[in-house]
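Breakdown of the fold
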Amino acid sequence: MQKTNLLKSDLLLITPPFTQLNTPYPATAYIKGFLNTKGISSTQADLGIEVILALFSKKGLSDLFCHTERTCPDFFGSGSAILQSFNVQRILALKEEYLKTIDAVIAFLQGKNPTLALQICQEDFLPEASRFAQLEELDWAFGAMGTQDKAKHLATLYLEDISDFIVECVDPNFGFSRYAERLGRSANSFDELYDVLNQEPTYIDKILIDILRNRIEEVEPKLFLISVPFPGNLYSAFRCAQFVKQNHPHIKISMGGGFPNTELRSLSDKRVFEFFDYITLDDGELPIELLCNAIIKGGEFNLYKRTFLLEDGKVAYRNDALKSDYKQANVGTPDYSDLQLDNYISVIEIVNPMHRMWSDGRWNKLTMAHGCYWGKCTFCDISLDYIKVYEPVAAKLIVDRIEELAEKTGQNGFHFVDEAAPPALMREVALEILRRKVSVTWWTNIRFEKSFTADLCLLLKASGCIAVSGGLEVASDRLLKLIDKGVTVEQVAKVTRNFTEAGIMVHAYLMYGYPTQTVQETVDSLEMVRQLFEAGVLQSGFWHQFAMTAHSPVGLYPEKFGVVKETEAIGTFANNDINYTDKTGIDHNKFSFGLKKSLFNFMHGICFDYKLQDWFDFKIPRTTIPSNFIDKALNDADNFNVKLTAKIVWLGGKPITETFTKSKKGNTWEMMALNFHSKKETFSIQTSKKEGEWLISILDKISVSNEKTLTFQEIKADFENTIEHFELFWYSKPIHTLREFGLLVL
Ligand code: SF4
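In short, a report on the structure. Residue positions within a chain follow its written sequence, with the count starting from 1. It should be noted that, the model being predicted, local features are given only for residues of pLDDT at least 70 and side-chain atom pairs only at 80 or more, the latter also being counted only at that level, while totals for whole chains, interfaces and linings use all residues. With hydrogens and water stripped out, all remaining heavy atoms of the structure feed into the side-chain values.

What about the overall build of the protein chain?
Scanning the protein chain from terminus to terminus reveals 29 helices and 23 strands. A globule of 746 residues ought to have a C-alpha radius of gyration of about 27 Å, and the protein chain, at 29 Å, matches this closely. The principal-axis extents of the C-alpha atoms in the protein chain amount to approximately 105 × 65 × 60 Å. We call a residue buried when its accessible area falls under 20% of the maximum for its residue type, exposed when it is over 50%, and partly exposed in between, using a 1.4 Å probe and counting protein chains only. Going through the 746 residues of the protein chain one by one, you find that 56% of them count as buried. Sequence-distant contacts, at least 24 apart, represent 75% of the contacts inside the protein chain between residues at least 6 apart. Accessible surface, the protein chain as shown: approximately 32500 Å² in total, 52% of it carbon and sulfur. Just so you know, the count uses Lys and Arg for positive and Asp and Glu for negative, and it drops His and the chain ends. The atoms used to mark charge sites are NZ of Lys, CZ of Arg, CG of Asp and CD of Glu. Taking the average location of the 80 positive side-chain charges in the protein chain and that of its 96 negative ones, the two points are 4 Å from each other. Numbering goes from the N terminus for both helices and strands, where a helix is a DSSP run of H or I of at least four residues and a strand is a run of E of at least two. The globule rule used here is 2.2 Å times the number of residues to the 0.38 power, and the radius of gyration it is set against is calculated over C-alpha atoms. Note on contacts: a residue pair qualifies if any of its non-hydrogen atoms lie within 4.5 Å across the two residues. The Shrake-Rupley method, run with a 1.4 Å probe sphere, supplies the accessible areas, and residue values consider only the shown protein chains as cover.

Digging into the site of the ligand
Whether a residue is near a molecule or strand depends on its heavy atoms: if one lies within 4 Å, it is near. In the vicinity of the ligand, the contacting residues are Cys372, Trp374, Gly375, Lys376, Cys377, Phe379, Cys380, Ile382, Ile387, Glu419, Arg447 and Lys485. Tallied by class, residues from the shell around the ligand come to seven nonpolar, one polar and four charged. The classification used treats Ala, Val, Leu, Ile, Met, Phe, Trp, Tyr, Cys and Pro as nonpolar, Asp, Glu, Lys and Arg as charged, and all other residues, Gly among them, as polar.

Digging into the sheet that holds strand β11 (residues 413–416)
The sheet built from six strands is open, its strands ordered β8-β11-β12-β13-β14-β15 with parallel pairing. Sheet topology places β8 (364–366) and β15 (540–545) at the edges, where each strand pairs with a single neighbour. Across the sheet, the axes of successive neighbouring strands diverge by a mean angle of 20°, strand direction being ignored. Note on definitions: angles span 0 to 180 degrees between N-to-C directions of axes, and those axes are lines fitted to C-alpha atoms, for helices only across the stretch in contact. Against the sheet, helix α17 (residues 395–409) contacts β8 and β11, and its axis sits at roughly 160° relative to β8. Any two strands are treated as partners once DSSP identifies two or more bridges connecting them.

Considerations on the pairing of strand β19 (residues 656–664)
Two strands pair when backbone bridges link them, and β19 and strand β20 (residues 667–677) are joined in this way by nine bridges, in the antiparallel orientation. Of the residues in β20, the one forming a bridge with Phe660 is Met671. Hairpin connection from β19 to β20: two residues lie between these consecutive antiparallel strands, with Lys665 at a positive phi of about 45°.

Describing the side chain of Thr409
Locating Thr409 in the fold gives a position in helix α17. At 2.8 Å, the side chain of Thr409 and the backbone oxygen of Leu405 are in polar contact. There is a polar contact of 3.1 Å between the side chain of Thr409 and the backbone nitrogen of Gln411. Those residues in contact with Thr409, other than ones at most four positions away along the chain, are Tyr336, Leu341, Arg362 and Asn364. Definition of a polar contact: a pair of N or O atoms within 3.5 Å, with one able to donate and the other able to accept a hydrogen when the atoms are protein atoms, and with sequence-neighbouring residues admitted only if both atoms are side-chain atoms.

Regarding the pattern of salt bridges
We define a salt bridge as a side-chain nitrogen of Lys or Arg found within 4 Å of a carboxyl oxygen belonging to Asp or Glu. Summed over the entire model, instances satisfying the criterion amount to 49 salt bridges. For Glu404, the salt bridge identified is with Lys408, shortest N-O distance 3.3 Å. Of the two residues, Glu404 and Lys408 both sit in helix α17, four residues apart, roughly one turn of that helix. Of the residues examined, Lys408 reaches a relative accessible area of 55% and is grouped as exposed. Beyond isolated ion pairs, a larger network of salt bridges with shared partners links Lys396, Asp400, Glu403, Glu432, Arg435, Arg436 and Glu707.

Quick look at the sheet that holds strand β21 (residues 682–688)
Strand order across the open sheet formed by three strands is β19-β20-β21, with antiparallel pairing between neighbours. Sheet topology places β19 and β21 at the edges, where each strand pairs with a single neighbour. Taking the axes of each pair of neighbouring strands and ignoring which way they run, one obtains an average angle of 25° across the sheet. With seven bridges connecting them, β20 and β21 associate as antiparallel partners. Among the inter-strand pairings, Met671 is bridged to a residue of β21, identified as Ser688.

Focus: the environment of Pro201
Checked against the element boundaries, Pro201 lands in the loop between α10 (191–197) and α11 (203–219). The residues touching Pro201, leaving out its near neighbours within four places in the chain, are Lys206 and Arg239.

Examining unusual backbone geometry
Between Pro17 and Phe18 the backbone carries a cis peptide bond, its omega angle lying at -15°. The backbone of Arg306 sits at a positive phi, close to 40°, despite the residue not being glycine. Relative to the assigned elements, Arg306 resides in the loop between α14 (285–295) and β6 (307–311). For Glu473, which is not glycine, the phi dihedral falls at a positive 50°. Relative to the elements of secondary structure, Glu473 occurs in strand β13 (residues 465–473).

Some words on the environment of Ser451
Within the element layout of this structure, Ser451 appears in the loop between β12 (441–446) and α19 (454–462). For the pair formed by Ser451 and Leu746, sequence separation is 295 residues and the distance between their alpha carbons is 9.1 Å.

Re the packing of α19 against helix α21 (residues 489–502)
Their axes nearest at 8 Å, the elements α19 and α21 cross at an angle of 40°. Here α21 runs oblique to α19, going by the angle between their axes. Seen from above, α19 lies across α21 with right-handed handedness. In this structure, α19 uses Ala454, Cys457, Leu458, Leu460 and Lys461 to contact α21, whose residues at the interface are Asn498, Phe499 and Ala502. Oblique is the label for every angle not falling under 35 degrees (roughly parallel), over 145 degrees (roughly antiparallel), or within 65 to 115 degrees (roughly perpendicular). By definition, any crossing whose near helix is turned counterclockwise from its far helix by less than a right angle is left-handed, and any crossing with a clockwise turn is right-handed.

Some words on helix α22 (residues 519–534)
Working note: α-helix, 3.6 residues per turn, so residues spaced by three or four point in the same direction. Multiplying one less than the number of residues by 1.5 Å gives the expected span of a helix. In this model, α22 (16 residues) spans 23 Å end to end at C-alpha, consistent with the 22 Å of a helix rising 1.5 Å per residue. By the criterion of burial, α22 is predominantly enclosed, with 13 of the 16 residues buried. Note on α22: the residue one or two positions beyond its end, Gly536, has a positive phi of about 80°.

Some points on empty space enclosed by the protein
Definitions used throughout: a 1 Å grid over protein atoms alone; a cavity as a set of points that fits a 1.4 Å probe which cannot get out; a pocket as an open set with protein on both sides within 12 Å along at least five of seven lines; a lining residue as one with an atom within 4 Å of a point. Grid points are joined across faces, edges and corners, and a volume is the space filled by probe spheres set on the points. What the rule picks out here adds up to four cavities of 30 Å³ or more. Here the largest cavity defines a volume of roughly 80 Å³. Around the largest cavity sit Tyr30, Glu285, Gln328, Val331, Gly332, Pro334, Leu366, Thr367 and Arg401, which together line it. When the residues that make up the lining of the largest cavity are grouped by side-chain class, the tally is four nonpolar, three polar and two charged.

Some points on the pairing of strand β2 (residues 42–46)
Of all five residues that make up β2, five are buried, and the element is covered over most of its length. The side-chain alternation of β2 yields two buried faces, one formed by Ser42, Gln44 and Asp46 and the other by Thr43 and Ala45. Inspection of the sheet shows strand β1 (residues 11–15) paired to β2 by five bridges, in the parallel sense. Note on β2: the bridge partner recorded for Leu13 is Gln44. Here the term right-handed applies to a crossover when the path leading from its first strand over the helix to its second strand runs clockwise, the strands being oriented away from the viewer. What joins β1 to β2 is helix α1 (residues 27–37), and the crossover it makes is right-handed.

Points about α11
An ideal rise of 1.5 Å per residue puts 24 Å on 17 residues; α11 measures up with 25 Å between its terminal C-alpha atoms. Of all the 17 residues making up α11, 13 are buried; the element is thus mostly covered by neighbouring parts of the structure.

Section: the nonpolar core
General note: in soluble globular proteins, nonpolar side chains tend to be found buried as a group. In terms of nonpolar packing, the biggest core is built from 170 residues, with Phe56, Phe238 and Phe573 touching the most fellow members. Here this core takes 10 residues from helix α8 (residues 147–169), the largest share from any one element. For Phe56, the residues in contact, after removing those within four places along its chain, are Ile102, Ile106, Leu159, Ile162, Ile166, Phe174 and Phe176. Phe676, Trp694, Phe729 and Trp730 belong to the second largest nonpolar core, which has 26 residues in total. What we call a nonpolar core is a set of buried Ala, Val, Leu, Ile, Met, Phe, Trp, Tyr and Cys residues that are connected through their side-chain atoms within 4.5 Å.

A word on the packing of aromatic side chains
By convention here, two paired aromatic rings are described through the distance between centres and the angle between planes. Aromatic rings from Phe, Tyr and Trp, with only the six-membered ring used for Trp, were paired whenever their centres fell within 6.5 Å, and each pair was classed as stacked if the ring planes differed by under 30 degrees, edge-to-face if by over 60, and tilted otherwise. Under the criterion given, the structure shown has 45 aromatic pairs. Geometrically, the ring pair formed by Phe190 and Phe573 is tilted, given 4.8 Å between the ring centres and 40° between the ring planes. Note that Phe190 is positioned in the loop between α9 (181–184) and α10 and Phe573 in the loop between β16 (563–565) and β17 (580–582), a separation of 383 residues in sequence. Neither Phe190 nor Phe573 differs from the other in exposure class; each is buried.

And the structure:
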């Protein structure tokens, strides 16, 4: 078991197995960062990555194979019925090869052993089981991949083979980024989870408990905080709590995070409190501070913030503290210390560009704003604080946090985990990043707003933005209106074009099965998506089937959307997903395969000429969308008028100039050539000497490195101080050339 150097502290914060393998889930780092501002020491651990590393090691696999052979003695033994699949037999037969390679492969995926890529790509290094059968299908995808990526993908298949082995022989609930997820998924009743928790711990549980035992002994906490972001962490969270309750009953245990925030709001089953002392909802800072004050500092327990606990043998919800939640400016910078940042593993699970970003690379996670500035979409949890309470963080503070995190973690990749990052704030953050000359790579979630102009996209790209994801949902203007998404398909096409042309990858969340959606609308939506990919303005996407959740407008007022809840009863444990019937009576599920298969092909730039009917094995109507709908939207003239208040920014450098005289028909006048070096090329413009001198001075004033930005109106006034006809100059060829090379109107 790997020993760590965790310090003793009063608080231990953990993320239980499993979330992502490539980067820590940030919730504990956020809370630790906040606790730092209060002078409360804490220690954090991501037990997910620790379990994976213990399991996927020479010792871990050796134990696993021994365990399997011990529990299935017939395999190599008496020749009686062999119970395992061919795949399991093959992996067991090749076990020495797995033991020989596992540590090197994990080190490679941790980025510590890059030269192994060459051997992996030879395809005679790794033992191969059933996952490698997909390889032929993927051969074409490898054409575009570099050696490192291809090797990462092959190594991922190798890990997935082992994972299949674990699922079949040891633990059917195992998964790389979730564990026993089925038990946590909208379990209205606690019965099943409770029963499982009262059974013997699983093989994976035992590895988890071993690690947890060490952490508890090292840290000796008084308060144990478990963050549960997803249903796939819930079971392990209860196992961890159970172990601590049974073995260290003096330690108080609290749960918080995305799962309780959305699912446990109407909790009433008191058996949950055999495992936990507290469950807090929404932002964790203040509820946790109050618990710390009482438990660690020994203050009186009297006031709580959004906290469930057991009182007089009954579940009580206490929210009587008068203090308000902390403002974003006062929650501190996430602190990733204690986490084993060098040990995360990058995998390439699917050949989907955006999912790749999720699973590949180490990303520091930050937010530009709390909540969503739009807050209207009718399928979204807009009644809950994490969406409803919108509070942006000042751009300077965001970049302070970027610099602090980059320095502490040594990583300059940032994933802004906003619900939808606001365009104006993204602009300010980009300007601040460029001003401070910080080198970062970042990506985030957005709405496809009109305000993402070509120039703004260029600015974002210059600041290090490499990808955005946003909801196109159902690509149908009627349904976008019903969703209250605030965008049209035409607008999405233009905005995605702006991002794409700037070199920023775009991923669209796509939805089908929205209440009242007709078959025709599903087909038309697929046609829109086909055209967007064919036009090259989308690079990645994912179809989700609509799910009705309790805290969305559809869940709260189903009658307005033509759906009927199957039951009004509220469960005693988790409540979020609602079963419903749609009055259209359409089985949307049957579209799932065809939508996903077509998208997979479109993402790889193929099959645009297939008839939509070819994707389905049942009859669908013809699309009503004209085949040039997206092309037409992209070719519609944009409005070139510049607002007087627009900010004008120059991303380029200073020109090298020369003056010369031009003469025509007996007249002579002085001209200036301005020669610029952009990162990739050099270019020149020519103006009159006077205009050239003005340009040199104004480019200096509007350079992105300046603290102050000037508006269009201000530069116009500056020009007209000495020269006439600003508009004529602004719309002339030299300025047009500068606009192509980084003179931005924002
Ligand atoms: S779906 Fe996205 S844009 Fe719409 S309200 Fe929710 S977070 Fe905001």
